[in-house]
Amino acid sequence: MSNKWRPATQLVHGGTLRSQYGETSEAIYLTQGFVYETSEAAEARFKGETDGFIYARYASPTNDMFEKRMCLLEGAEDARATASGMAAVTAAILCQLKAGDHIVAARALFGSCRWVVETLAPKYGIDCTLIDGRDLANWEKAITAKTKLFFLESPTNPTLEVVDIAGVAKLANQIGAKVVVDNVFATPLFQKPLELGAHIVVYSATKHIDGQGRCLGGVILSDKKWIEEELQDYFRHTGPAMSPFNAWTLLKGIETLPLRVRQQTENAAKIADFLAEQGKIAKVIYPGRKDHPQADIIAKQMTGGSTLVAFELKGGKDAAFALQNALEIVKISNNLGDAKSLITHPGTTTHKNLTEEARAELGISPGTVRLSAGIEDTDDLIEDFARALAKVSA
């Protein structure tokens, strides 16, 4: 019945395995290996003739529960849990490419994601073209005879640009390329890239899925054929597997995902509206507002806003730092998707390794700030911003 349950129910019960003890909370199987009753049983397991676990680097019961639960939420056939979000991104890209292949990627990416496609991949003979992903014509123009992969975030980090996923997928299908979507900012509750035509979805489970600042994790989701034919050997032999303890922690976090994201999104929307009315703020970018530059695409592919808000202070870096330093409830941190409200200055943290020109292309000015709204009382958060803004020089 689990495939017919609604998300809030799936995230509490989906994919659960219970031992002979009938535990309420999922068990943590902290083991690196497994015992076979006979030599013949071991041989059959390694041949794939019988089901079961072989080695925790390949798969384990706790990780399996987490993967199955994510599949139910995402509408995917299969998944692999990784040690971090960047392990998921790197594996999803490199496992299916070879020297001579070509990637087309939206230039608005998290700094480490951009490094993978722009710096790491070329070291292995894989070319990359970075484009302004907001315009479908740019994707089409960048295609070459060797293009095998399209990679994008939507909404983007940190300026919350939106890419037409269905449009990109249509172009990819015309040339037999795959589309990989980093769906962290939308969460699996507000956007379903696979339903829009994407082939692979990746998450940093560190963010909303854990959502309480406890552990790292990532996950790759796709159809079973792609997982088995493209990802599985890479996954087994390079070893990016998630720790079973982290998988268990994420299983606990995912139970409350809808509750937390609902409150975070409500807070983000109200804070965005408040900031848009303040004279010291140059602009606010939030997917739930009608003045978002791509509101029409958002209406087509997202069912909610976001837990993130991007805004720009008129006073540049000095004003951004003054605001952040004056906040009491909202904490300065480069993480996001947490139960606690977190704020960061991308130009000096998450995107500091980009050139000034590259940051400008992405809309990251010295005054740009990224807020990840938490689950605190909305009025307390708005009052915190009001107090902090009063200390910012005009």
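Further up the page is the structure itself.
The residue numbers shown here count from 1 along each chain, following its written sequence. Local features are withheld for residues below a pLDDT of 70 in this predicted model, meaning they are given only at 70 or higher, and side-chain atom pairs are given and counted only at 80 or more; totals for whole chains, interfaces and linings count all residues. By convention in this description, side-chain values take in all heavy atoms of the structure and omit both hydrogens and water.

Undergrad: Quick rundown of the environment of Gly337? Include the residues and the values.
TA: Secondary structure elements follow DSSP: runs of H or I no shorter than four residues count as helices, runs of E no shorter than two count as strands, and numbering proceeds from the N terminus. Along the chain, Gly337 falls in the loop between β10 (331-332) and β11 (342-344). Counting along the chain gives 32 residues from Gly337 to Val369, while the straight-line C-alpha distance between them is 15 Å.

Undergrad: Which residues make up the environment of Met242, and what are the values?
TA: For Met242, the location among the structural elements is in the loop between α10 (224-238) and α11 (244-255). Sequence separation between Met242 and Ala121 is 121 residues; the distance between their C-alpha atoms is 23 Å.

Undergrad: Talk me through the nonpolar core; I want residue IDs and the actual numbers.
TA: Counting residues in hydrophobic clusters, the biggest one holds 32 residues, and the most contacted among them are Phe66, Met70, Tyr203, Ile209, Val219, Leu221 and Leu250. Mapped onto this core, the elements with two or more residues apiece are α3 (61-74), β1 (78-82), β6 (200-204), β7 (218-222), α11, α12 (257-276) and β9 (308-313). If you tally residues by element for this core, the top one is α3, at 5 residues. Non-local contacts of Leu221, meaning those with residues more than four positions away in its chain, are made with Met70, Cys71, Glu74, Ala76, Asp78, Ala79, His199, Ile200, Val201 and Tyr203. What makes a nonpolar core is a set of buried Ala, Val, Leu, Ile, Met, Phe, Trp, Tyr and Cys residues whose side-chain atoms join them at distances within 4.5 Å. In this scheme, a residue with accessible area under 20% of its type's maximum is buried, one over 50% is exposed, and one in between is partly exposed, where area comes from a 1.4 Å probe on protein chains only. Ranked by size, the runner-up nonpolar core spans 27 residues in total, among them Ala92, Leu120, Leu149 and Leu231. The contact criterion used throughout is that any non-hydrogen atoms of two residues lie within 4.5 Å.

Undergrad: Tell me about the layout of surface pockets, and please be specific about residues and values.
TA: Considered as a void within the structure, the largest pocket measures approximately 810 Å³ in volume. Cavities and pockets were defined on a 1 Å grid built over protein atoms only: a cavity is a set of grid points that admits a 1.4 Å probe from which the probe cannot escape, a pocket is an open set flanked by protein on both sides within 12 Å along at least five of seven lines, and lining residues are those with an atom within 4 Å of any such point. Together, 25 residues line the largest pocket, and Asp51, Gly52, Ala59, Arg80 and Lys224 are the ones closest to its centre. Listing elements by their share of the lining of the largest pocket, those giving two or more residues are α2 (39-47), α3, β1 and α10. Under the grouping applied here, Gly and all other residues not named as nonpolar or charged are polar, the nonpolar ones being Ala, Val, Leu, Ile, Met, Phe, Trp, Tyr, Cys and Pro and the charged ones Asp, Glu, Lys and Arg. Here the lining of the largest pocket is built from residues that sort into 9 nonpolar, 4 polar and 12 charged. Grid points are joined across faces, edges and corners, and a volume is the space filled by probe spheres set on the points. Volume-wise, the second largest pocket comes out at about 380 Å³. Around the second largest pocket, the lining is made up of 22 residues, and of these Met86, Phe110, Asn157, Ser204 and Lys207 lie nearest the centre.

Undergrad: Provide a residue-level description of the pattern of salt bridges, including the pertinent values.
TA: Throughout this description, the term salt bridge denotes a Lys or Arg side-chain nitrogen within 4 Å of a carboxyl oxygen of Asp or Glu. Using the criterion set out here, one finds 21 salt bridges in the structure. Its salt-bridge partner being Lys252, residue Glu26 comes within 2.8 Å of it at the nearest N-O pair. On the criterion of sequence distance, the pair formed by Glu26 in the loop between α1 (7-13) and α2 and Lys252 in helix α11 is long-range, its members being 226 residues apart. For Lys252, a relative accessible area of 22% translates into the label partly exposed. In this structure, Lys224 and Glu228 form a salt bridge, with 3.6 Å as the shortest nitrogen-oxygen distance. Taken together, the residues Lys224 and Glu228, both in helix α10 and 4 residues apart, mark about one turn of the helix. What you see here is one network of salt bridges that share partners, running through Glu26, Arg69, Lys252 and Glu255.

Undergrad: Tell me about empty space enclosed by the protein, residues and numbers included.
TA: Taken as a whole, this structure holds 3 cavities of 30 Å³ or more when the rule is applied. Lining the largest cavity are Val184, Thr187, Pro188, Tyr203, Ser204, Lys207, His208 and Ile209. Among the secondary structure elements, those contributing two or more residues to the lining of the largest cavity are α8 (187-190), β6 and α9 (206-210). With 3 residues, α9 is the single largest residue contributor to the lining of the largest cavity. The residue inventory of the lining of the largest cavity, partitioned by class, reads 4 nonpolar, 3 polar and 1 charged.

Undergrad: So what about the sheet that holds β11? Which residues, and what values?
TA: As summarised here, the arrangement of the 5 strands in space is β8-β9-β12-β11-β10, forming an open sheet in which the pairing is mixed. The open sheet has two free edges, formed respectively by β8 (281-285) and β10, since each of these has just one partner strand. Across 5 bridges, β9 lies against strand β12 (residues 368-372) in antiparallel orientation. By the bridge assignment, Ala310 is partnered in β12 with Arg370. Strand pairing follows a simple DSSP-based rule, namely that at least 2 bridges must link the two strands.

Undergrad: Describe the packing of α12 against helix α16 (residues 378-390), with residues and values.
TA: It is the contact of α12 with α16, at a shortest axis distance of 10 Å, that shows an interaxial angle of 35°. α16 is crossed by α12, and the crossing has right-handed handedness. For the pair α12 and α16, the contacting residues are Gln263, Glu266, Asn267, Lys270, Ile271, Phe274 and Leu275 in the first and Thr378, Leu381, Ile382, Phe385, Ala386 and Leu389 in the second. Grouping the constituent residues of the contact of α12 with α16 by class yields 8 nonpolar, 3 polar and 2 charged. Helix axes are fitted only over the stretch in contact, all axes being lines through C-alpha atoms; the angle between N-to-C directions runs from 0 to 180 degrees. In this scheme the handedness of a crossing depends on how the near helix is turned from the far one: anticlockwise by less than a right angle means left-handed, clockwise means right-handed.

Undergrad: Lay out a nonpolar patch on the surface in plain terms, naming residues and giving numbers.
TA: Where nonpolar side chains cluster on the molecular surface, the patch consists of Ile28, Leu30 and Phe245 and spans about 290 Å² of accessible area. Mapped onto the secondary structure, Phe245 falls in helix α11. Judged by its relative accessible area of 41%, Phe245 falls in the partly exposed class. Patch membership requires over 30% relative accessible area and the absence of a salt bridge. Like charges are linked within 9 Å, and nonpolar side chains (Val, Leu, Ile, Met, Phe, Trp, Tyr) within 5 Å. Surface exposure here means Shrake-Rupley accessible area, sampled with a 1.4 Å probe, where a residue is shielded only by the protein chains that are shown.

Undergrad: Which residues make up unusual backbone geometry, and what values go with them?
TA: Cis rather than trans, the peptide bond between Ser154 and Pro155 has omega equal to -10°. Among the structural elements, Pro155 can be located in the loop between β4 (147-153) and α7 (165-175). Here the amide bond leading from Asn157 into Pro158 is cis, since omega sits at 10°, within 30 degrees of zero. Mapped onto the fold, Pro158 is located in the loop between β4 and α7. The backbone of Leu160 shows a phi angle near 60°, a positive value even though the residue is not glycine. Tracing the backbone through its elements, the reader meets Leu160 in the loop between β4 and α7. Here the phi dihedral of Thr187 falls at roughly 65°; this positive angle occurs in a residue that is not glycine. Along the chain, Thr187 falls in helix α8. A residue is classified by how much of its surface remains accessible, and Thr187, at 1% relative accessible area, is buried.

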